[in-house]
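What follows is the residue order along each chain.
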2 protein chains.
Amino acid sequence: MFWVYTAIVVSIAAFGIAAYLYRWVKNQPKGSETAEEIAMLIRRGANTFLSREYRILAVFASIIAVIIFIFLPELVWKSSNVLLNLRMAFAFLFGAFLSALAGKIGIDIATIANVKSAVAAKKSIVPSFAIAFKGGAVMGMAVVGASLFGAGILYITTRDPNTVLSFSFGASTLALFAKAGGGIYTKTADISADLVGKVELGIPEDDPRNPAVIADNVGDNVGDVAGMGADLFDSNIASIAAAMVIGLVIGEQNLVFSYATLGLLASILGVLFISLGKHKNPGKALNTGTYITTGIFAVLTAVASIIFNYSFRIWGATMVGLVVGVIIGITSDYFTADNKKPVAEVARASHTGPAFTIISGLCYGLLSCFPALLGIGVSALTAYKLCEPLGDGYAMFGISMAAIGMLSVVGMIISNDAFGPIVDNARGLVEMAGMGDDALTVTDELDAAGNTAKAITKGFAIGAAGLTVIALLGAYQEIVREATDMVIGFDIMNPLVFFGIMVGLAVPAVFAAMLMMGVDRNAQRMVEEIHRQFESIPGLKEGRPGARPEYEKCIDIATVGALKELIPAGLMAILVTLAVGFIGGIHAVGGFLAGNIMSGLFLALFMANAGGLWDNSKKYIESGAYGGKGSDAHKAAVIGDTVGDPCKDTAGPSLNTQITVVSLICSLAAVLFINYSLF
Amino acid sequence: MFWVYTAIVVSIAAFGIAAYLYRWVKNQPKGSETAEEIAMLIRRGANTFLSREYRILAVFASIIAVIIFIFLPELVWKSSNVLLNLRMAFAFLFGAFLSALAGKIGIDIATIANVKSAVAAKKSIVPSFAIAFKGGAVMGMAVVGASLFGAGILYITTRDPNTVLSFSFGASTLALFAKAGGGIYTKTADISADLVGKVELGIPEDDPRNPAVIADNVGDNVGDVAGMGADLFDSNIASIAAAMVIGLVIGEQNLVFSYATLGLLASILGVLFISLGKHKNPGKALNTGTYITTGIFAVLTAVASIIFNYSFRIWGATMVGLVVGVIIGITSDYFTADNKKPVAEVARASHTGPAFTIISGLCYGLLSCFPALLGIGVSALTAYKLCEPLGDGYAMFGISMAAIGMLSVVGMIISNDAFGPIVDNARGLVEMAGMGDDALTVTDELDAAGNTAKAITKGFAIGAAGLTVIALLGAYQEIVREATDMVIGFDIMNPLVFFGIMVGLAVPAVFAAMLMMGVDRNAQRMVEEIHRQFESIPGLKEGRPGARPEYEKCIDIATVGALKELIPAGLMAILVTLAVGFIGGIHAVGGFLAGNIMSGLFLALFMANAGGLWDNSKKYIESGAYGGKGSDAHKAAVIGDTVGDPCKDTAGPSLNTQITVVSLICSLAAVLFINYSLF
């Protein structure tokens, strides 16, 4: 149990670091009264959203917990030990709670760091970067610390990987709704603010006259900080849970905790070493941090393998995952960075009109799936073949360790990702509080770096989800084997599997469409409200001093609408999964998972990359190409960006979580499917 | 061999009917000199494209034939009988030739029927409909007759289903290029004509001043007549070939010919009975034709099953395919018809701006995949379970018979489909030759019915391709079993299969992107040429009499460009398939096929339906909603339509063929993969 205890110690250390960084950020100089007041509005808006969301999710999670108690691991009235059922329900709630807590901590620090970073930007880029990065690191440390801590505690107290699966399911369920809800919120606010502000009235982004501007800044936090954190929290736990289920059979569960712990340690070291350096290039600093963490992790695990006599084949499989994660990140970067061909080409196409903005973006989005899918395929194959000679059960374990490898640097990745919305907010605050052009230049530069980091994180999160769910498929197979003593395959030629695949293929598409339609409906409500305010509040349009928009109303619409729209989509995914399981049985479920993974990965990659591409093409034109701001090319690019927004910030990133949730449900309910299915 | 001979007799009868209808159409009254002159331009343009395309494809097909001769069924220098290799190469060329011939006949009659139908429209809708439909039926009869004839002749002379596979591969290869080339051509012309004509200059569609207008009308023929005909020719043969490979093992090859023959017979009867009837509703008449054919087929096969003592389980499987084909068609209709919710919703969204046109279209496109995928999954499962009790090998045979069932009414479907471009052309001729408003009303009505028929055909073609390739996967498995005496499965958990799946998933996306980028590049060349003509030809813009645009130049650009752009995409699909086979071996290929089918079906459905939806939303607004023509909503809808065009007419429909080609290559090269793969 050495590594399990070490895991708990290191995760407590991560909490310590997070607390230290939190205090450090909090003690940075205050801003002007206006700046602090706006920051307070954003903080309050974010907290309003969070507390409403958590209240609804608490009800929802309680219902699921009761269902789990009744049905898992066995029907409670047939159960020999009711405590087992209680344990499963508790683990679920524990996972949901920790994920929610990490989200809350993230939002808290992000809405403090944003104004501190804005204030520091008046001095220079160095402190401004440091504050934003350290703010992000609080989130990174909290998320990874909480996930490892939870998994460790549960394993020590129960020694049952099933409870870890249930814990993971709790985290996933919360992530599904945090991601989808946050995603709908953020794009509702963003699209409506842009449509009325930039397009109709021609006022700048982040203009304080716009009633939706605070909601927009709130959205960055609830979408990217809380949402993305919950997503990676969830992937991280799911990869650990899957590796444990598979690893226990061959007695390698310690290795899982060992590598996961060393990954967190590497992230802690990486986070502490990062600084802007001499070159003062924020994007480079973030990337360097990732590379350093990767290097530390490789060395630490190699040393551990020598000391503890772990097989170097497993180490190799882990490295394969790590390297492919980085490659997928770099691919996302290629397709979305403004110094690469795709962005330039889409900008050029915009010159011909909006239809060509869309077509060219669609084409590059489709192309961008190839390297990532190939990477996932090659890494699974390599990890499998590397570990196959170690004996029965090791091949699949290799794949699960590749997922662990890919997620090992997740602490660093989340830190980079949370950096994005903090500097985005800082930029907004600089503009809204009129802090001057120098500060704006600094925050613009940080914002661009943040955008790239966000794009890389998305690619990374999708890759991680991909490998994790394959490992979960392995875990599912293992659970069925334990229950029935039968190794089931998922042969495509088995018509039940094929049937499952077809349904599984369609679910992510329907899920994505429902979310995007939700954004659309919600944005329409909000646009109406903005129009109403501009018409009914005297002097608002002209910017007369004292004419203040009712920011809260917009925040309210975004909040209520997001929560209303996310439930049907989430329920659809869960109910279809159960329907396939109870109709088609375990083989159909295997196919369903496979189909779901395939189209889910595909759509997530496509949407994230096409969306990022459109966004940056717009920025590329804004920087002066093809007539710059206000030109026809710019108008076309804005249309592209608006289309890309719900793709990249609502549907795309929610798909990872949808896949993971569905995979976990299948693993948990496998025994029920075996006993009570129609076929 | 009774049914094989009957198949040949019935297919000769189909040729006879085609010849009779051809003469009947040709003997209809001539038009005015202007009308005949424009029709001649279209005919010449289409023939120019076809002869250039066929010349290039002849070279390409010869190269492949030589490769087949060298490698298949065994390496020629190791072969015990060189005649076998020669036979394979010949069958390939025969398939390509027959497909090309059917395309040529279709183009010929379509470019005669268009002007006849336009002339008749001056009288009334009844003769105009009759001419257009009978023109389409020539194509329908020729295609189905040729495919059954070829398969029958080859089977009688060789008794080797492998040669039928090679024959099918010839047809597919030609279809791949006809579809992709025609698709690029038609959208190049359409987009450029619209962009400069409608958008920049504000002149009507089909205005004779527009230098691209003839190319646009040519495009309808080469894309929809020759392309779609080749596609369904190919699916039809592939389904027969797959059923034969699987059926021979269990001695049911006669049944395959029996059902295919009765399908053709039902189509002949359906075609002869169709007429506009009392209600004078062309859309209803086309649908009634399909339903009647379906009914006749069901009765004929039931009677045959009684007489020849065929199992009614197999009949049931066939019916399942037939019914699902119709359901998929109806689904396509729901998502694209202008009296249903999706079109109205997208039109409403256009009111808010082009970004919402695109987003809402994307959403409905994604949703539209669900019923079709579910239908394919359910039909495969039902057909399998129905036939499983009949014994070993029957389950998979059931699926292949479901594909035969779905394709049984293909003669009728092609007739309906070819009706579309004929009336589209007729409408153009009425406008260009100034035949008056009454004729325009008639052809507008026929055109709308043609558009719906086209949308249904696309859904149908995709469904048929879906079931056919599953049957081909079964054929592939059977071929591997014969070669190695080993029943291979395609278990998703096998990492080679998984690797194959990941690569297979990406290929259709890359293929679609390459084609759409080809359209984009080609359209840009053409727009330049149109600009040049408007600037350099005096009086053209003002419509001064005698100022005639150089139509041929535009036809030339579209032709050369389409041929240049289609080769890389086609080669990519073929080479990646071979790479996966020679690297990963037969298991990887199985996964590759599965992945390829999944994302191919998904993308094809999405693109066809979203494209149709955008097109009809534009028409919906043009009919007066949200401000009608010229309103902001209309401008937004035009952007949606432009985005949808290459989706629905270039990439989407080419994907079926891409899937089939790749499946056939794998079946043919299976033995090579077994002997010479890396893994």
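## Points about the overall build of chain A
Now for step 1: Within chain A, the secondary structure is distributed over 17 helices and 0 strands.
Now for step 2: In terms of overall size, chain A behaves like a compact globule, its C-alpha atoms giving a radius of gyration of 24 Å where 679 residues would be expected to give roughly 26 Å.
Now for step 3: Oriented by its inertia axes, the alpha-carbon framework of chain A measures out at about 75 × 50 × 45 Å.
Now for step 4: Burial statistics for chain A: of 679 residues in total, 68% are counted as buried.
Now for step 5: For chain A, contacts bridging at least 24 residues in sequence account for 84% of all contacts bridging at least 6.
Now for step 6: Here chain A displays about 20,600 Å² of accessible surface, and carbon together with sulfur accounts for 63% of that area.
Now for step 7: Side-chain charges in chain A split into 44 positive and 51 negative, and the spacing between the mean points of these groups amounts to 4 Å.

## What to know about the interface of chain A and chain B
Now for step 1: Taken together, the contact between chain A and chain B spans 65 residues of the former and 65 residues of the latter.
Now for step 2: In total, about 6,100 Å² of surface goes out of reach between chain A and chain B, with carbon and sulfur atoms giving 88% of it.
Now for step 3: For the chain A face of the interface with chain B, the top three residues by lost area are Ile 492, Met 493 and Met 598 of chain A, together amounting to 11%.
Now for step 4: Viewed at the interface, chain B and chain A are joined by 0 salt bridges.
Now for step 5: Counting across the chain A and chain B interface gives 6 residue pairs in polar contact (both at pLDDT 80 or more).
Now for step 6: Contributions of two or more residues to the side of chain A that touches chain B are made by helix H5 (161-201), helix H11 (354-387), helix H14 (437-484), helix H15 (495-536), helix H16 (551-622) and helix H17 (632-676) of chain A.

## Here we look at the relation of the copies chain A and chain B
Now for step 1: The operation relating chain A to chain B is a screw motion whose rotation component is 180°, with 0.0 Å of axial translation and a residual RMSD of 0.0 Å. In short, the pair behaves as if placed about a two-fold rotation axis. Relative to the rotation axis, the C-alpha of Asp 491 of chain A is the closest in chain A, positioned 2.0 Å from it.
Now for step 2: The overlap is high: 100% of the interface residues of chain A also sit at the interface in chain B, so the same surface is used on both sides.

## With respect to the packing of helix H9 (residues 312-336) of chain A against helix H10 (residues 341-350) of chain A
All names here are of chain A.
Now for step 1: Running from N to C, H9 and H10 cross one another at 25°; their axes reach a closest spacing of 5 Å. Here H9 is positioned roughly parallel relative to H10, judged by the angle of their axes. Of the residues in H10, those in contact with Tyr 334, Phe 335 and Thr 336 of H9 are Lys 341, Pro 342 and Val 343.
Now for step 2: Classifying every residue of the contact of H9 with H10 by side-chain character gives 4 nonpolar, 1 polar and 1 charged.

## A closer look at the environment of Glu 53 of chain A
Residues and elements named next belong to chain A.
Now for step 1: If you trace the backbone, Glu 53 turns up in helix H2 (residues 33-71).
Now for step 2: For Glu 53, a relative accessible area of 2% corresponds to the buried category.
Now for step 3: Residues Glu 53 and Leu 93 lie 40 residues apart in sequence; the distance between their C-alpha atoms is 16 Å.
Now for step 4: Beyond its immediate chain neighbours, meaning those up to four positions away, Glu 53 contacts Phe 177, Ala 178, Gly 181, Gly 182, Leu 563 and Leu 566.

## Here we look at unusual backbone geometry
All names here are of chain A.
Now for step 1: Cis geometry marks the peptide bond from Leu 72 to Pro 73, where omega comes out at -5°.
Now for step 2: Along the polypeptide, Pro 73 turns up in the loop between H2 and helix H3 (82-121).
Now for step 3: Residues other than glycine seldom take positive phi values, yet Asp 485 does so here, at roughly 60°.
Now for step 4: Within the fold, Asp 485 resides in the loop between H14 and H15.

## Comments concerning the environment of Leu 93 of chain B
Residues and elements named next belong to chain B.
Now for step 1: As for its placement among the helices and strands, Leu 93 is situated in helix H3 (residues 82-121).
Now for step 2: The class of Leu 93 is partly exposed, set by a relative accessible area of 35%.
Now for step 3: On a C-alpha basis, the gap between Leu 93 and Ser 62 in space is 7.6 Å, while along the polypeptide they are 31 residues apart.
Now for step 4: Those residues in contact with Leu 93 that sit more than four places away from it in its chain are Ala 61 and Ala 65.

## Topic: the packing of helix H7 (residues 253-273) of chain A against helix H13 (residues 410-432) of chain A
The relative placement of two packed helices is expressed as an angle between their axes plus a distance between the axes.
Residues and elements named next belong to chain A.
Now for step 1: Between H7 and H13, the least distance of the axes is 7 Å, while the angle of their chain directions is 40°. With respect to each other, H7 and H13 are oriented oblique. Contacts between H7 and H13 pair Ser 267, Gly 270 and Val 271 from the former with Val 410, Gly 411, Met 412 and Ser 415 from the latter.
Now for step 2: Class assignment for the residues of the contact of H7 with H13 results in 3 nonpolar, 4 polar and no charged.

## Concerning the packing of aromatic side chains
The description of an aromatic ring pair rests on the distance of the ring centres and on the angle between the ring planes.
Now for step 1: A full pass over the atoms with the stated rule returns 40 aromatic pairs over all chains.
Now for step 2: Plain terms: the ring middles of Phe 90 of chain B and Phe 94 of chain B are 5.7 Å apart, the flat faces sit at 10° to each other, and that makes the pair stacked. Taken as a pair, Phe 90 of chain B and Phe 94 of chain B lie in helix H3 at a separation of 4 residues, close to a single helical turn.
Now for step 3: Ring-pair connections join several aromatic residues into one group, and the members of that group are Phe 2, Trp 3, Tyr 259, Phe 297, Phe 308 and Tyr 310 of chain A.
Now for step 4: Positioned above the aromatic ring of Trp 24 of chain A, the side-chain terminus of Lys 134 of chain A is 4.3 Å from the ring centre.

## A word on the pattern of salt bridges
Now for step 1: Here the structure, examined in full by the defined rule, presents 48 salt bridges over all chains.
Now for step 2: A salt bridge links Asp 641 of chain A to Lys 618 of chain A; the shortest N-O distance between them is 2.8 Å. Of this pair, Asp 641 of chain A sits in helix H17 while Lys 618 of chain A sits in helix H16; the two residues are 23 residues apart in sequence, bridging distant segments of the chain.
Now for step 3: Overall, the relative accessible area of 4% leaves Asp 641 of chain A in the buried class.
Now for step 4: Here Arg 548 of chain B ties to Glu 552 of chain B by a salt bridge, and the two come within 3.7 Å at their closest N and O atoms.
Now for step 5: By sharing partners, the salt bridges in this structure join Lys 187, Asp 190, Asp 615, Lys 619, Asp 645, Lys 648 and Asp 649 of chain A into a single network.

## What about H3 of chain A?
Along an α-helix, residues three or four apart share an orientation, since each turn contains 3.6 residues.
All names here are of chain A.
Now for step 1: The first and last C-alpha atoms of H3 sit 58 Å apart over 40 residues, in line with the 58 Å expected at 1.5 Å per residue.
Now for step 2: Within H3, 28 of the 40 residues are buried, which leaves the element mostly enclosed by the surrounding structure.
Now for step 3: For H3, the capping residue at the N-terminal end is Asn 81, with a side-chain oxygen 3.0 Å from the backbone nitrogen of Leu 83.

## Digging into a nonpolar patch on the surface
All names here are of chain A.
Now for step 1: Residues Phe 2, Val 299, Val 303, Ile 306, Ile 307, Phe 308 and Phe 312 make up a contiguous nonpolar surface patch of roughly 700 Å² in combined accessible area.
Now for step 2: When residues in the nonpolar patch are grouped by element, the largest group, 4 residues, is from helix H8 (residues 282-307).
Now for step 3: For Ile 307, the location among the structural elements is in helix H8.

## Points about helix H1 (residues 2-26) of chain B
Now for step 1: Spanning 25 residues, H1 of chain B covers 36 Å between terminal C-alpha atoms, matching the ideal 36 Å at 1.5 Å per step.
Now for step 2: Buried positions along H1 of chain B lie against H3, helix H4 (125-158) and helix H7 (253-273) of chain B.

## Focus on the side chain of Asp 424 of chain B
Residue and element names in this part refer to chain B.
Now for step 1: With respect to the helices and strands, the residue Asp 424 is situated in helix H13 (residues 410-432).
Now for step 2: Using a relative accessible area of 15% as the deciding quantity, one classes Asp 424 as buried.
Now for step 3: If sequence neighbours within four positions are ignored, Asp 424 has contacts with Asn 217, Asp 220, Asp 447 and Lys 454.

## Describing the state of the cysteines
Now for step 1: Evaluation of the coordinates by the stated rule reveals 0 disulfides over all chains.
Now for step 2: We note that Cys 363 of chain B lacks a disulfide partner, and the nearest cysteine sulfur, in Cys 647 of chain A, lies 8.0 Å from it.

## Overview of the confidence of the model for chain A
Residue and element names in this part refer to chain A.
Now for step 1: Mean pLDDT over chain A works out to 90, with 100% of the residues at or above the 70 mark.
Now for step 2: Across chain A, helix H1 (residues 2-26) holds the top mean pLDDT of 94, while H14 sits lowest at 84.
Now for step 3: For this predicted complex, the interface confidence comes out at an ipTM of 0.90, alongside a pTM of 0.91.

## Topic: the side chain of Ser 11 of chain A
Residue and element names in this part refer to chain A.
Now for step 1: Here Ser 11 is to be found in helix H1.
Now for step 2: A polar side-chain atom of Ser 11 sits 2.9 Å from the main-chain carbonyl oxygen of Ile 8.
Now for step 3: If we ignore the near neighbours within four places in the chain, the residues touching Ser 11 are Gly 145, Leu 148, Phe 149 and Leu 264.

Rules used throughout
Residues numbered from 1 in each chain as written. Chains lettered and ligands numbered in written order. Predicted model: local features only at pLDDT ≥ 70, side-chain atom pairs only at ≥ 80, totals over all residues. Heavy atoms only, no water. Helix = DSSP H or I, 4+ residues; strand = E, 2+ residues; numbered from the N terminus. Rg over C-alpha atoms; globule rule 2.2 N^0.38 Å. Buried < 20%, exposed > 50% of the residue type's maximum accessible area, 1.4 Å probe, protein only. Contact = heavy atoms within 4.5 Å. Areas by Shrake-Rupley, 256 points an atom, 1.4 Å probe, with all protein chains shown as cover. Lys, Arg positive; Asp, Glu negative; His and termini not counted. Charge placed at Lys NZ, Arg CZ, Asp CG, Glu CD. Buried area = accessible area lost by both parts, 1.4 Å probe. Salt bridge = Lys/Arg side-chain N within 4 Å of Asp/Glu carboxyl O. Polar contact = N/O pair within 3.5 Å; in protein donor to acceptor, adjacent residues only side chain to side chain. Least-squares fit on C-alpha atoms with pLDDT ≥ 70 in both. Axes fitted to C-alpha atoms, helices over the stretch in contact; angles between N-to-C directions. Parallel < 35°, antiparallel > 145°, perpendicular 65-115°, else oblique. Nonpolar A, V, L, I, M, F, W, Y, C, P; charged D, E, K, R; others polar. Phe/Tyr/Trp six-rings, centres within 6.5 Å; stacked < 30°, edge-to-face > 60°. Lys NZ or Arg CZ within 6 Å of the ring centre and 35° of its normal. Expected span 1.5 Å × (residues − 1). Patch = residues over 30% accessible without salt bridge, like charges linked within 9 Å, V, L, I, M, F, W, Y side chains within 5 Å. Disulfide = S-S within 2.5 Å. pLDDT = per-residue confidence, 0-100.

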